[in-house]
Amino acid sequence: MKFPYSQKVLEHFKNPHNVGQIENPDGKGLEGSPACGDMVAVYIKVNPDTKVIEDIKFESYGCASNIATASIITDLARGKTLDEAKKITWKQASEELGGLPPIKAHCSVLAVEGLRAAIRDYEEKHGLITEKEPTTEEVIKSRLKHVMNPLTGLDIIRTNLILKTSVENGVVRVVVDLPANHQFAPAIKEDIMEKLGSLWDVERVDVIFTA
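Cut-offs and rules
Residues numbered from 1 in each chain as written. Predicted model: local features only at pLDDT ≥ 70, side-chain atom pairs only at ≥ 80, totals over all residues. Heavy atoms only, no water. Helix = DSSP H or I, 4+ residues; strand = E, 2+ residues; numbered from the N terminus. Rg over C-alpha atoms; globule rule 2.2 N^0.38 Å. Buried < 20%, exposed > 50% of the residue type's maximum accessible area, 1.4 Å probe, protein only. Contact = heavy atoms within 4.5 Å. Lys, Arg positive; Asp, Glu negative; His and termini not counted. Charge placed at Lys NZ, Arg CZ, Asp CG, Glu CD. pLDDT = per-residue confidence, 0-100. Arc of directions from axis to C-beta. Domains from an automatic or database assignment. Buried area = accessible area lost by both parts, 1.4 Å probe. Salt bridge = Lys/Arg side-chain N within 4 Å of Asp/Glu carboxyl O. Polar contact = N/O pair within 3.5 Å; in protein donor to acceptor, adjacent residues only side chain to side chain. Axes fitted to C-alpha atoms, helices over the stretch in contact; angles between N-to-C directions. Parallel < 35°, antiparallel > 145°, perpendicular 65-115°, else oblique. Nonpolar A, V, L, I, M, F, W, Y, C, P; charged D, E, K, R; others polar. Pairing = 2+ DSSP bridges. UniProt positions renumbered as here; feature names shortened; annotations may be inferred.

The name recorded for the protein chain in an unreviewed UniProt entry is Iron-sulfur cluster assembly scaffold protein, from Methanosarcina spelaei.

## Regarding the overall build of the protein chain
Helix and strand counts for the protein chain stand at seven helices and six strands. Secondary structure of the protein chain in N-to-C order comes out as α-β-β-β-α-α-α-α-α-β-β-α-β. Here the C-alpha radius of gyration of the protein chain, 18 Å, is about what a compact globule of 211 residues would show, namely 17 Å. Along the three orthogonal principal directions, the C-alpha set of the protein chain runs to about 55 × 40 × 25 Å. Counting the 211 residues in the protein chain, one finds 45% classified as buried. Look at the contacts in the protein chain between residues 6 or more apart in sequence, and 62% of them connect residues 24 or more apart. For the protein chain, the centre of its 26 positive side-chain charges and the centre of its 31 negative side-chain charges are spaced 3 Å apart.

## Remarks on the confidence of the model for the protein chain
Summary statistics for the protein chain give a mean pLDDT of 87 and a share of 92% for residues scoring 70 or more. Considering each helix and strand of the protein chain separately, the mean pLDDT is smallest for helix α1 (residues 7-14), with a value of 79, and largest for strand β5 (residues 171-176), with 97.

## Structural notes on α1
Buried residues of α1: V9, L10 and H12, and no others. Seen from one end, α1 has its buried residues packed into an arc of 165°, which puts them on one side. Away from the buried face of α1 by more than 90 degrees, exposed residues Q7 and K14 are located. Here the buried face of α1 lies against α2 (64-77).

## What about the domain arrangement of the protein chain?
Considered domain by domain, the protein chain is made up of domain 1 (7-125) and domain 2 (137-209). Relative to domain 2, the C-alpha centre of domain 1 lies at a distance of 25 Å. Tallying the contact residues gives twelve residues for domain 1 and ten residues for domain 2. Taken over both partners, the interface formed by domain 1 and domain 2 buries close to 860 Å², and the fraction arising from carbon and sulfur atoms is 48%. There are two salt bridges connecting domain 1 and domain 2. A salt bridge links E124 to R143; the shortest N-O distance between them is 2.2 Å. For the interface between domain 1 and domain 2, the tally reads four residue pairs in polar contact (both at pLDDT 80 or more). Contributing elements (two or more residues each) for the side of domain 1 that touches domain 2: β1 (27-33) and α5 (105-125).

## So, the packing of α1 against α2
Relative orientation of the contacting elements α1 and α2 amounts to 85°, with a least axis distance of 8 Å. On the basis of the axis angle, α1 is roughly perpendicular to α2. For the pair α1 and α2, contact is made by K8, V9, H12 and F13 and by A64, I67, A68, S71, I72 and D75, respectively. Its residues assigned to classes, the contact of α1 with α2 shows six nonpolar, two polar and two charged.

## Things to note about the pairing of strand β3 (residues 53-61)
Relative to β3, strand β2 (residues 38-46) runs antiparallel, the two sharing eight bridges. In the strand pairing of β3, A41 is matched with E59. The loop that links β2 with its antiparallel partner β3 comprises six residues; one of these, K51, has a positive phi angle of about 60°.

## A short note on the UniProt feature "domain: MIP18 family-like" (unreviewed entry) in the protein chain
On the UniProt side, "domain: MIP18 family-like" (unreviewed entry) is annotated at positions that read residues 138-207 here. Overall, residues 138-207 shows 29% helix and 24% strand. The separation of its end C-alpha atoms is 17 Å.

Next comes the structure, spelled out in structure tokens:
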């Protein structure tokens, strides 16, 4: 039986490049869920004048393909402008690695989405979004799917932690089914505010705990 991984995949898995966090990143993206088997976080530092990605790191929870594709994608993105990095595709990453088993193709998609999420985070924080869609409750719920519930490893939408969301006159209100003194409440609040506060038409985010 042929071994499913190429030599290059194994090299990037055993000795991944750009692993770790960037302190005070200019942009951060998180995709996937450890409870589902794979997760990747991407951090970027961007030159404010040239918009070139000068530093990039990742953290990964998952299989060899997940780690290897995050490693190669961060290599590909380093030194590129934001617009150039957006054009990196999962197929390009797979080809750079000498191919991936079909059942593992989603791993390269996850890494690319993590990179694009980090770029989007940077662009939102710096007012660079050209297509400005109004923030609706659907947009809020979509963003909250990227906030993890540390109790389960799944997001706070799927685990029904969110009782209610609303948006009016630039103020977003999120009601969380958790006591304010819960050990994970501060982390969840911070993550919610980070995910929603950078939206172009949001002026304030209120996170309310039930008790």
